[in-house]
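Analysis of the macromolecular model
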Amino acid sequence: EGLRRESGRLMAALEYDFGDFTLTSNSGFFSTKDEYGYDSDYISAGRSGTNLRLEVRDREEWSTELRLASSGGQRVRWLGGVFYYERDLDAEQQRLSALPTLDLGTTNVSNRAVFGSVAVDITDTFTTSLELRYAEDELVLHSADGNTYEATNSNLTPRLTLDWQVTPDSLIYGIVAKGNKPGDVNEDPRLPPELLEVDEEESWNYEVGVKNTLFEGRMTMNLAAFFIDWSKQQLTDTFIAPDGGSISYSVNVGKTEVRGLEYTMNIAFTDDFSAGFSYGLNDARFVQFTDAEAGALFGDPSVAGRHTPNTSKNEFTVFTRMDHWINSDVRAFFRTDFSYREGKYAQAYNLASTGDQKLLNMKVGAEWSRLALT
């Protein structure tokens, strides 16, 4: 079990100010070579060396963006730009036994996008903005068996935001946005052709909220509610190869809905004592998902109504902090944090869970102008 990686990163940013608008160019290049070793069946090499693996990957990617934006002090503000991204990945899976190396082929990804936004101060207290991005994503897998598999997606993703500054200390907002995650190709050549291509994810996201500052700045209180309509979610499934080995691959599961709530509150009771509380509700459930393994487990292939994996439905945190000035330059403090996170399911069938998590942290220390000791 281990990882060895060598990476290099190069970034460049250029900016020219024309007065009424600014031209910005951002570019980056990234190169990495890594080897990751693991035991896929947790049986020691002395008993069976057939499932010791070494994943070897060589990846290069670069991106560039050109953006033109108006100055921020105008009643009507705008921005526009173009974007390009490219990635090349060579991968193989070495078997640390007599089995041959599995060539995972070469994957090429490119993404081209054009985007723009406009924000308007309709009144002194009401602002609206509209953002649009059109992107084309192309993925090509040159498989070791000589075949070529492609996944091409194009998507227009808008976002509409409304802000109402009810008072100088209270803001009400609403957001409607569409999101996407490009499609993919499962690179293992042992998979049947119908399991190689993965469709693009899409989601519509709705959020309303309020942000408040109270008691002359001593208290902040924010509340938000959201709903996500999520289609073709990408999850990991398992395929049993003809030789009896298992292969993990990505699959689209249909439709998911997420209903949530977020609340945060921080208050300074005195100059030396403060506290805070936050709560999050994230009720994410499958609405449409049919799976053969679910049919074998439950007698019904539908997973609708079950929670999505790796998400906690309820979680909250609470903290307190006390400060004491030892002298005019040194301040001592004591802080306590407690957090709770409801258990997360390991997979879509909701049979295995992490269990609830409770964490208590305590910290004591002192702070100077340029030094902190905790």
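Further up the page is the structure itself.
Quantities reported herein were computed from a predicted structural model and do not represent experimental measurements.

Basis of the calculations
Residues numbered from 1 in each chain as written. Predicted model: local features only at pLDDT ≥ 70, side-chain atom pairs only at ≥ 80, totals over all residues. Heavy atoms only, no water. Helix = DSSP H or I, 4+ residues; strand = E, 2+ residues; numbered from the N terminus. Buried < 20%, exposed > 50% of the residue type's maximum accessible area, 1.4 Å probe, protein only. Contact = heavy atoms within 4.5 Å. Areas by Shrake-Rupley, 256 points an atom, 1.4 Å probe, with all protein chains shown as cover. Lys, Arg positive; Asp, Glu negative; His and termini not counted. Charge placed at Lys NZ, Arg CZ, Asp CG, Glu CD. Salt bridge = Lys/Arg side-chain N within 4 Å of Asp/Glu carboxyl O. Phe/Tyr/Trp six-rings, centres within 6.5 Å; stacked < 30°, edge-to-face > 60°. Lys NZ or Arg CZ within 6 Å of the ring centre and 35° of its normal. Pairing = 2+ DSSP bridges. Patch = residues over 30% accessible without salt bridge, like charges linked within 9 Å, V, L, I, M, F, W, Y side chains within 5 Å.

1. Considerations on the overall build of the protein chain
Scanning the protein chain for helices and strands turns up 1 helix and 20 strands. With respect to the principal axes defined by its C-alpha atoms, the protein chain has extents near 70 × 50 × 50 Å. Taken over 374 residues, the protein chain has a buried fraction of 32%. Taking all contacts inside the protein chain whose residues are at least 6 apart in sequence as the whole, residues at least 24 apart take part in 57%. Accessible surface for the protein chain amounts to roughly 22300 Å². Of this, 55% is attributable to carbon and sulfur atoms. A gap of 5 Å separates the mean positions of the 35 positive and 58 negative side-chain charges of the protein chain.

2. Considering the pattern of salt bridges
All chains considered together, the criterion is met by 19 salt bridges. Taking the shortest distance from any N to any O, the salt bridge between Arg 321 and Glu 367 comes out at 3.7 Å. A residue pair is termed long-range when its members are at least 10 positions apart, and Arg 321 in strand S17 (residues 314-325) and Glu 367 in strand S19 (residues 357-367) qualify at 46 residues. Glu 367 gets classed as partly exposed once you look at its relative accessible area, which sits at 22%.

3. So, the packing of aromatic side chains
For the structure on display, the rule yields 13 aromatic pairs. A centroid spacing of 5.5 Å and a plane angle of 25° characterise the contact between Phe 269 and Phe 273, whose relative ring orientation is stacked. An aromatic cluster of three or more residues is present, and its members are Tyr 263, Phe 277, Phe 316, Phe 338 and Tyr 340. Sitting above the plane of the Phe 333 ring, Arg 321 keeps its charged end 4.4 Å from the centroid. For the cation-ring pair, Arg 335 lies above Phe 319, with the distance from its terminal atom to the ring centre recorded as 4.1 Å.

4. Describing the pairing of strand S1 (residues 2-17)
Little of S1 sits inside the fold, with 0 of its 16 residues counted as buried. Note: S1 against strand S2 (residues 21-39), 16 bridges, orientation antiparallel. Across the sheet, residue Leu 14 finds its bridge partner in S2, namely Ser 25. The antiparallel pairing of S1 with S2 creates a hairpin that spans 3 residues between the two strands, and Gly 19 there sits at a positive phi of about 100°.

5. Description of the pairing of strand S8 (residues 170-181)
One ladder, built from 8 bridges, connects strand S7 (residues 148-167) with S8; its direction is antiparallel. What sits directly across from Gln 165, in S8, is Leu 171. Both S8 and strand S11 (residues 201-214) contribute to a ladder of 12 bridges, which runs antiparallel. Along S11, the bridge assignment pairs Val 176 with Tyr 206.

6. Comments concerning unusual backbone geometry
Apart from glycine, the bulk of residues carry a negative phi angle, and the bulk of peptide bonds sit in the trans form. Backbone geometry places Phe 215, a non-glycine residue, at a positive phi of 50°. Tracing the sequence through the fold places Phe 215 in the loop between S11 and strand S12 (219-231). You can call Phe 215 exposed: its relative accessible area is 57%. In the Ramachandran plot, Asn 310 falls in the positive-phi region, its phi being about 65° despite a non-glycine side chain. By secondary structure assignment, the location of Asn 310 is in the loop between helix H1 (292-298) and S17. The exposure class of Asn 310 is exposed, given its relative accessible area of 55%.

7. Quick look at the environment of Asn 266
Mapping Asn 266 onto the fold places it in strand S15 (residues 255-268). The exposure class of Asn 266 is partly exposed, given its relative accessible area of 33%. With 86 residues separating them in the primary sequence, Asn 266 and Ala 352 have C-alpha atoms 36 Å apart.

8. Points about a negative patch on the surface
A cluster of acidic residues, Glu 60, Asp 88, Asp 90 and Asp 103, forms a negative patch at the surface. For Asp 90, the position within the fold is in strand S4 (residues 76-95).

9. With respect to the environment of Ala 144
Positionally, Ala 144 belongs in the loop between strand S6 (126-142) and S7. By relative accessible area, which is 43% here, Ala 144 ends up partly exposed. Each C-alpha atom of the pair Ala 144 and Asp 88 lies 15 Å from the other, and the pair is 56 residues apart in sequence. Contact partners of Ala 144, with chain neighbours within four places excluded, come to Asp 103 and Gly 105.

10. Concerning the side chain of Ser 170
Topologically, Ser 170 is positioned in strand S8. Classification of Ser 170 as buried rests on a relative accessible area of 14%. With sequence-adjacent residues up to four places away left out, Ser 170 is seen in contact with Trp 164, Gln 165, Val 210, Lys 211 and Asn 212.

11. Notes on the side chain of Ser 31
Mapped onto the fold, Ser 31 is located in strand S2. When residues no more than four places from it in sequence are discounted, the contact partners of Ser 31 are Glu 6, Ser 7, Gly 8, Arg 59 and Glu 60.

12. Focus: the environment of Gly 365
Relative to the helices and strands, Gly 365 resides in strand S19. Other than its neighbours up to four places away in sequence, Gly 365 contacts Arg 331, Ala 332, Phe 333, Leu 373 and Thr 374.

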